[in-house]
Structures are given as C-alpha cells and as structure tokens.
Amino acid sequence: MGEAELLKSFLTIHQPQLEFSGVPKYFWPTVHEKLINQIFDAGDAFQLARISYEDDKHVPTDPFWKLFITLEEGILFEKPNNIYLIDHAWTYRFPDAKNDLVENPGLLERMYNFMKPEWSEAENDNEKIEYVLKEMWRYNSFFAFRTNSNKIEEAMPFWCIMDEVGSSINHSDEPNFRIVPFYYAPENMNYSLLFPIKNVKTGDEVTRNFIEGQTNDLDKSRALLLPWRDDSFLEENFEQTEPDENYFMNSRVAETLPEKIREVSPRDKLKVYSQYSIVREFLTDSAFEIVDSEDEADVLWLLSHIKNYKELSLEKPNVFVNQFPCEFILTIKDLLSIVCRRKADGKYDPETLATFPKWLPTTYNLSTELVKFVAYFQNREAKQLENHWICKPWNLARGLDTYVTKDLFHILRLPATGPKIAQKYITNPVLFERPEIGKVKFDIRYVVLLKSVNPLECFAYSNFFLRFANKSFALNNFQDYEQHFTVMNYSTTTPLCHIKCADFITMWEKQYPNHPWPKIVEPMILNVLREAFEAATLAEPPKGIAESSQSRAVYAVDMMLEWRENEMQPVLLEFNFSPDCQRACEYYPNFYNDIFRCLYLNDCNKNVFYEL
C-alpha cells in the first residue's frame, strides 16, 4: 500500500478525533508519519531546564522544570513538520494509582525524582508514594476511551502523566503551544500531540493553557489555576443562594404539565404495563394484571422518563404513571442539595462553618459554585477544620467516577472530566461492628412512596435495606473502594454482606443500647424524609414537584448516620429514580404487591408503611 493509501486509511479512523481536538489539517500527514515510524523528535527541538529557587523566594506552586526552544531557526506554527509526539510515562485510573506505585518501583522513582524539589528527600518508599499522590494533580491530564460497549464503567476517565518533556511545559494565559490527547487505534495506545499556535524563537519557553476550554470567567479561572498559582479566596463570599428556574432547566428537556388535575376513575382490576422485569415477576396480587401493551394498560411502570404530561392527561386521563412532573429536582444530586436548603434555619455556623439543614451535607456545584467552594475550603483550612470531601457526578450512581479526598488540587482537576458536586465527606460516621472485620461504614436505604403533592401524601416502606463496607473504616486509603464505599452488589468478585433489617435491629440494640432504633433513630430518619418532600413541594415547577393526579412514584433514598457531639444525626445522601429492587423482592416477595396496593388501592397497611 502506497503512502497516499496509508494516509487515507489513517484518516478514515482518526480524522474525527483530529478535527475534534482542533489539530490543524496541515499537521495530519506528519502525525501519521511520526506514528507509523515511531518518531519522537521533541529532543531535537526542546531542552528541559531544572529551576532552582532561593528558599525565601519560592512558593509550593512554583514549577521545578521548564521547557525551552533550542532550534536556531525557532519554530514556525504553520510549518507541517512542527508537531511532536509526546509519550505518556504513566496511565492509570485513580483507584489503582497507589497500587501502581507500590508494584512498580521504577515508576515510583521516575515520578518522585521528577516531581520533588531539589532540597527534598523522602526517607522511604511510603513517603515517596504519598508525595507523588499529592503532587501528581499538578501534572495530570485525562482522557476517556470511546468504545462501543454499553458498560458505563468502560467510559470512566483515565489519568495520565506525560513524559518529562510534556510534563515540563508550564501554564500561560497567552500560550504559544497546545497539547491534545490522541488515541492511536493500530497500537491501542494513547499519546499527546504538541504543536505551536504562534511563531516562537530559540530560547523561548514553551507554554500551554492548562484550563483550555473550561471557562471564560476570570474568578473561576483563578480557582482552577490554584494547582499552579498561589492565590487566596479567603475574602470571597461562600454563602449559597437558590438559583432561578433557568438553572433548574439547564440542559434538561422541558416537561409539559397536566392540562387539568382530575381524579382517576376507580377500577376493579388494574392492568399494569412494566418495562421493569422484576415488577412483571413479583407483582402477583390478584387486583393487578400484567399486560404486554401500553395501550391497554391502566398503570405504566416505566424506566424511561416521561416529559409530556399534558399529552398524557388529555389522551390517557385514566392512566397512572410511576413518576411525577419535575421530580428530577430530587433525583439529580446538584438540585437535591439546592432544594433541601429550603429547610435551613440559617446559612452557616460562623464558628464551625457547619451549614444547614443539619441533615444535609455541605454541597457545592463545582461548575457553577467553584469559587464559593474554594472560598469555603480555604476558610475551613484557615480555621484548621477537617476538610475531607467526596466528589460525585450529578447523574451517575454506584460510586462511579466518585472520589474522596482532602486535596484541593485533586478536587479542582475533577470538573474537567464531567460535571461534579463536592459534598462534605462524613468523617465521623456511626459504624457497625462486623465480627469478622471490625467496625465498618454502612448506609441505610429506605423505599419511599409519593402518592400526592397537594396535599402532600408520602410513605416509607417499613422494611429498610442495609449496605456495608467490607473493610474497617479509617480516614486513609481513599482509593480503597471497599473501605470507603458500601455499594457492593454490582461486582461478581466483591463480597456482599446480607443482613435483613429485623436482624440488623437486633444486632444494633446490642451495639448501641442507648440509641434504640425504633424509638430514637428511625423517627429521626423518617422526619428527614418528610422534610425533604416538604422542601420539594415548596416551590412551583420547575423548581418544585408538580401536582398530577395520574402520578405515583417510588424512590430509593440513601442515608447515613453521623456522630455530632455524642448524638446521632441522620444525613441524607441521595434520591434514586426507578431504583433496583431485586434484592427487596428476594428478601420480601410481597414487596411489589404491598407497593402497588398502597399506591393504587389506598391500602397502606400501617405494619408495612410509615406515613411521613
């Protein structure tokens, strides 16, 4: 195959990627040539320089390395050959980072020797590992593989640290080069492409924009650049206010509201169409009949979201549906925190900086409240308050792309991989003694039913569900999933602890005799659930859940218990839309019979449901 055919074949696969990354077309043949011949010629054009500082003129964010142009003729940005392959020294997913350094001494030495100041010397490998894990956020880039797989896990971001050439390039607000990630399909390898965006002379420093494309806001840019520029946000206001309705609908499909609110006509037997196989299997009550067509159904139990409630109310006024208009204000994490703050008695405690309501973890949106978050973080730091955070995507579950850290630089790099919230991590959780392991984290899941918004009518299933960590809790090893997370039922290789709620209460009463579950703990939990629904109905849609006589809904609400001055405090974590209820049905085969009778037949047996 000739050169033209090889280039054409290369571009068939890689042209969309080059265009998306903004690589000028005149560089494409050179990229192909250097990849097929493995030409790494950056050393012919650039030179690394180690930077030394006097002790009193150095701040932690000052660079230790710089990269300079050495070509006598300089580098012209439109010359087709002036694009360079940059190799990656380390590619990893964050949970594996520490293990990679432990198992690969050569990698650890390479990373440590490049990142450390000249005057610093760790005494052992553990100190080197901790230093690298802290400093690496100043050098990291990220990328995600685009695959045909439907598994969301395979789309999670990889982090990489470029070789010494790429890692020596520093930030500039007016850079002269760009670096973009590049996936080379024939080798299944990732590289970075370095190319000029203006003419540069010999002796010029090579620079790039570390936050390219992330924001045009000057204050947000200042915050994002903190890993590389020392700055203070202590005087910035970190108080949060509720945004307008445009924020609630941002990037979301608008939902039409029911044309009119009417009572659905009673029927002797309700025909149920369900997209969820577990409902079809376990709904056996004779008052209901499973059907295969939406057109003949009285109840639509859907996994997909309905958006056109107006059409439903006009065309199928006697059909129930398992969701409410605008319920996303509860099921999307950034909106949930905004909604729940409506129940706050005040903004924050000036001494402890604790925010309200006390059952809601302090939560900031890292896209829209980044400056406020940094100000809050630095103010906590100034008061020497504990500062651990858990950073979560708005719209993923099961702990995916979720990180626990007290490193501000780490947190500031995460919004680049997708929208996140930063939520105060519960550092003093109430623990549960697992005899074979020790005291572990656990969370409690309540299944809650919403029957009506006006008047508010909601219930909690009396059989709650427990999830446990598999390792004893401590404020360390934040990459260790089984120590800090409790969702174990999506892996075939991870042990899953099964304890039914009745057995749990018996064990609980022995471990915490001064905090009886039925009399003290559970009433506090139920009160939090009630307040959350009240908050969700205080505002008109789209800032609040809308009224709909055709709507009924089931959510799974996850909570934890936290020690607050020797008292237990329930803490609300999240609401889940269309939750996985397979385990509920395996534990309690009448689960869906009870749920459906409560929602559609007003049979809310007080032994089965608590009215909130």
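Here, every reference points to the structure presented above.
Asks: So what exactly am I meant to see when it comes to the overall build of the chain here?
Replies: Looking only at helices and strands, one finds 19 helices and 26 strands in the chain. Taking 612 residues into account, the globule formula puts the C-alpha radius of gyration at 25 Å, and the chain, at 28 Å, falls close to it. Expressed as a percentage of the 612 residues in the chain, the buried residues total 54%. Once local pairs closer than 6 in sequence are excluded, the contacts in the chain between residues at least 24 apart make up 69%. In the structure as shown, the chain presents an accessible area of about 28,500 Å², 48% of it carried by carbon and sulfur atoms. Here the chain contributes 65 positively and 92 negatively charged side chains, and the mean placements of these two sets differ by 3 Å.

Asks: Explanation requested: helix α2 (residues 28-36) in the structure shown.
Replies: Count 3.6 residues to each turn of an α-helix, and residues three or four apart come out pointing the same way. What α2 keeps buried is the set Trp28, Thr30, Val31, His32, Lys34 and Leu35. On the buried face of α2, the contacting elements are α1 (3-20), β3 (84-86), β8 (177-184) and β9 (189-196).

Asks: Mind showing me how you'd approach the sheet that holds strand β5 (residues 140-143) here?
Replies: Adjacent strands of a sheet pair through backbone hydrogen bonds, lying either parallel or antiparallel. Spatially, the three strands line up as an open sheet ordered β4-β6-β5, and their pairing is antiparallel. This sheet does not close on itself; its edge strands, each paired only once, are β4 (88-92) and β5. Shown here is a sheet whose adjacent strand axes are inclined to one another by a mean of 30 degrees, direction ignored. Here β5 pairs with strand β6 (residues 158-162) via four bridges, running antiparallel. Bridged to Asn140 within β6 is Ile161. In the packing of helix α4 (residues 105-115) onto the sheet, contacts are made with β4 and β6, and the angle to β4 comes to roughly 115 degrees.

Asks: Explanation requested: the pairing of β9 in the structure shown.
Replies: Every other side chain in a regular strand lies on the same face of the sheet, so the side chains alternate between the two faces. By the criterion of burial, β9 is predominantly enclosed, with seven of the eight residues buried. Pairing between β3 and β9: three bridges, direction antiparallel. When the bridges of β9 are listed, Ile86 appears paired with Ser192. Relative to β9, β8 is paired through eight bridges, and the arrangement is antiparallel. Bridge pairing links Val180 to Leu193 in β9.

Asks: I'm lost on a negative patch on the surface in this one. Help?
Replies: Taken together, the side chains of Glu289, Asp292, Glu294, Asp295 and Glu296 present a region of like negative charge at the surface. Along the chain, Glu289 turns up in strand β12 (residues 288-290).

Asks: What exactly am I supposed to notice about unusual backbone geometry here?
Replies: Most of the time, phi is negative for any residue but glycine, and the peptide bond is trans. The residue after Asn454, namely Pro455, is reached through a cis peptide bond having omega 0 degrees. Following Pro541, the chain continues to Pro542 via a peptide bond in cis, the omega torsion being 10 degrees. Mapped onto the elements of the fold, Pro542 is located in the loop between α17 (517-536) and β24 (553-564). One non-glycine residue, Gln384, lies in positive phi territory at about 60 degrees. On the secondary structure map, Gln384 appears in the loop between α13 (370-382) and β16 (389-393). By relative accessible area, Gln384 is classed as exposed at 75%.

Asks: How should I be thinking about the sheet that holds β8 in this particular structure?
Replies: Taken together, the three strands give an open sheet; going across it, the order is β3-β9-β8, and neighbouring strands pair in antiparallel fashion. The open sheet has two free edges, formed respectively by β3 and β8, since each of these has just one partner strand. If you compare each strand with its neighbour and ignore which way they point, the axes differ by 35 degrees on average. Relative to β8, α1 is tilted by about 140 degrees, and along the sheet it contacts β8 and β9.

Asks: When you look at the packing of helix α16 (residues 501-511) against α17 in this model, what are you seeing that I'm missing?
Replies: Relative orientation and spacing of two packed helices are given, respectively, by the angle between their axes and the distance between those axes. Close contact between α16 and α17 brings their axes to 11 Å; oriented N to C, the two are set at 110 degrees. In this view, α16 runs roughly perpendicular relative to α17, as classed from their interaxial angle. Between α16 and α17, the residues in contact are Phe504, Ile505, Trp508 and Glu509 and Trp517, Pro518 and Val521, respectively.

Asks: Explanation requested: the pairing of β8 in the structure shown.
Replies: Across the eight residues that make up β8, a large majority, six, are buried. Where β8 hands over to β9, the hairpin turn is made up of four residues, of which Asn188 adopts a positive phi near 55 degrees.

Asks: Mind showing me how you'd approach the state of the cysteines here?
Replies: By definition, a disulfide is the covalent link that joins the sulfur atoms of two cysteine residues. Under the counting rule described, the total for this entry stands at one disulfide. In this model, Cys598 is linked to Cys604 through a disulfide, with the two sulfur atoms separated by 2.5 Å. For the disulfide bridge between Cys598 and Cys604, the dihedral angle about the S-S bond is near 85 degrees, and by the sign convention the bridge is right-handed. Among the residues examined, Cys604 registers a relative accessible area of 18% and is labelled buried. Cys458 provides the cysteine sulfur closest to Cys340, a residue in no disulfide bond, and the two sulfurs are 13 Å apart. Not engaged in a disulfide, the cysteine Cys458 finds its nearest cysteine sulfur in Cys598; these two sulfurs lie 10 Å apart. Judged by its relative accessible area of 0%, Cys458 falls in the buried class.

Asks: How should I be thinking about the environment of Thr207 in this particular structure?
Replies: With respect to the secondary-structure elements, Thr207 resides in strand β10 (residues 207-208). Judged by its relative accessible area of 10%, Thr207 is buried. In the structure, Thr207 is positioned 365 residues away from Leu572 in sequence and 45 Å away in space, judged by C-alpha atoms. The contact partners of Thr207, leaving out residues within four places of it in the chain, are Ile169, Asn170, His171, Ser172, Glu174, Pro175, Asn176 and Phe177.

Asks: Any chance you could explain the pattern of salt bridges here in plain terms?
Replies: Under the definition given, this model contains 29 salt bridges. The residue Asp204 makes a salt bridge to Lys201 at a minimum N-O spacing of 3.9 Å. Of the charged contacts, one joins Asp443 and Arg467 as a salt bridge, the two residues approaching to 3.0 Å between their closest N and O atoms. Here Arg467 lies in strand β23 (residues 465-468) and Asp443 lies in strand β21 (residues 442-452), a separation of 24 residues in the sequence. Judged on exposure class, the residue Asp443 and its partner Arg467 are both buried. A single salt-bridge network, built from bridges that share partners, covers Asp219, Arg222, Asp231 and Glu236.

Asks: Can you help me understand the nonpolar core in this one?
Replies: Generally speaking, soluble globular proteins have nonpolar side chains that are buried together. If you look at the biggest cluster of nonpolar residues, it comprises 93 residues, and the most contacted ones within it are Trp301, Tyr592, Ile595 and Phe596. Broken down by element, the residue count for this core peaks at 10 residues, all from α17. Leaving out residues up to four positions away in the same chain, Tyr592 has contacts with Tyr276, Ile278, Val279, Phe282, Leu283, Trp301, Cys581 and Cys585. Residues Leu224, Phe238, Leu370 and Ala422 belong to the second largest nonpolar core, which totals 51 residues.

Asks: Would you take a moment to explain the side chain of Arg467 for this structure?
Replies: For Arg467, a relative accessible area of 11% gives the class buried. There is a polar contact of 3.0 Å between the side chain of Arg467 and the side chain of Asp558. Excluding residues that lie within four positions of it along the chain, Arg467 makes contacts with Lys441, Phe442, Asp443, Arg445, Thr486, Val487, Asp558 and Arg583.

The rules behind each value
Residue indices begin from 1 for each chain and proceed along its sequence in written order. Since the coordinates come from a predicted model, pLDDT governs what is reported: local features require at least 70, and pairs of side-chain atoms require 80 or more to be given and counted, while whole-chain, interface and lining totals use all residues. Values reported for side chains reflect all heavy atoms of the structure, with hydrogen atoms and water molecules removed beforehand. Only DSSP runs of H or I with at least four residues qualify as helices, and only runs of E with at least two residues qualify as strands; both kinds are numbered from the N terminus onward. Here the radius of gyration uses the C-alpha set of atoms, whereas the globule reference equals 2.2 Å times the residue count to the power 0.38. Accessibility here uses a 1.4 Å probe with only protein chains present; expressed as a share of the type maximum, an area under 20% marks a residue as buried, one over 50% as exposed, and anything in between as partly exposed. Whether two residues are in contact is decided by their heavy atoms: any pair within 4.5 Å suffices. Here, Shrake-Rupley sampling with a 1.4 Å probe gives the accessible areas, and only protein chains in the shown set may cover a residue. Under the counting rule used here, the positive set is Lys and Arg, the negative set is Asp and Glu, and His together with the chain ends is not counted. All charge positions are set by atom: Lys at NZ, Arg at CZ, Asp at CG, Glu at CD. Strands were regarded as paired on the criterion that DSSP finds at least two bridges between them. As a rule, the C-alpha atoms of each element are fitted with a line to give its axis, helices using only the stretch in contact, and angles between N-to-C directions run from 0 to 180 degrees. What goes into a patch is any residue over 30% in relative accessible area without a salt bridge, connected to like charges within 9 Å or, for nonpolar side chains (Val, Leu, Ile, Met, Phe, Trp, Tyr), within 5 Å. Criterion for a salt bridge: a side-chain nitrogen of Lys or Arg within 4 Å of a carboxyl oxygen of Asp or Glu. Here is the rule for angles: anything less than 35 degrees is roughly parallel, anything more than 145 is roughly antiparallel, 65 through 115 is roughly perpendicular, and the remaining ranges are oblique. A pair of sulfur atoms, both from cysteines and within 2.5 Å, is called a disulfide here. By nonpolar core is meant a set of buried Ala, Val, Leu, Ile, Met, Phe, Trp, Tyr and Cys residues that side-chain atoms within 4.5 Å join together. Here a polar contact means two N or O atoms within 3.5 Å. Within protein one must be a hydrogen donor candidate and the other an acceptor candidate, and residues neighboring in sequence count only if both atoms are side-chain atoms.

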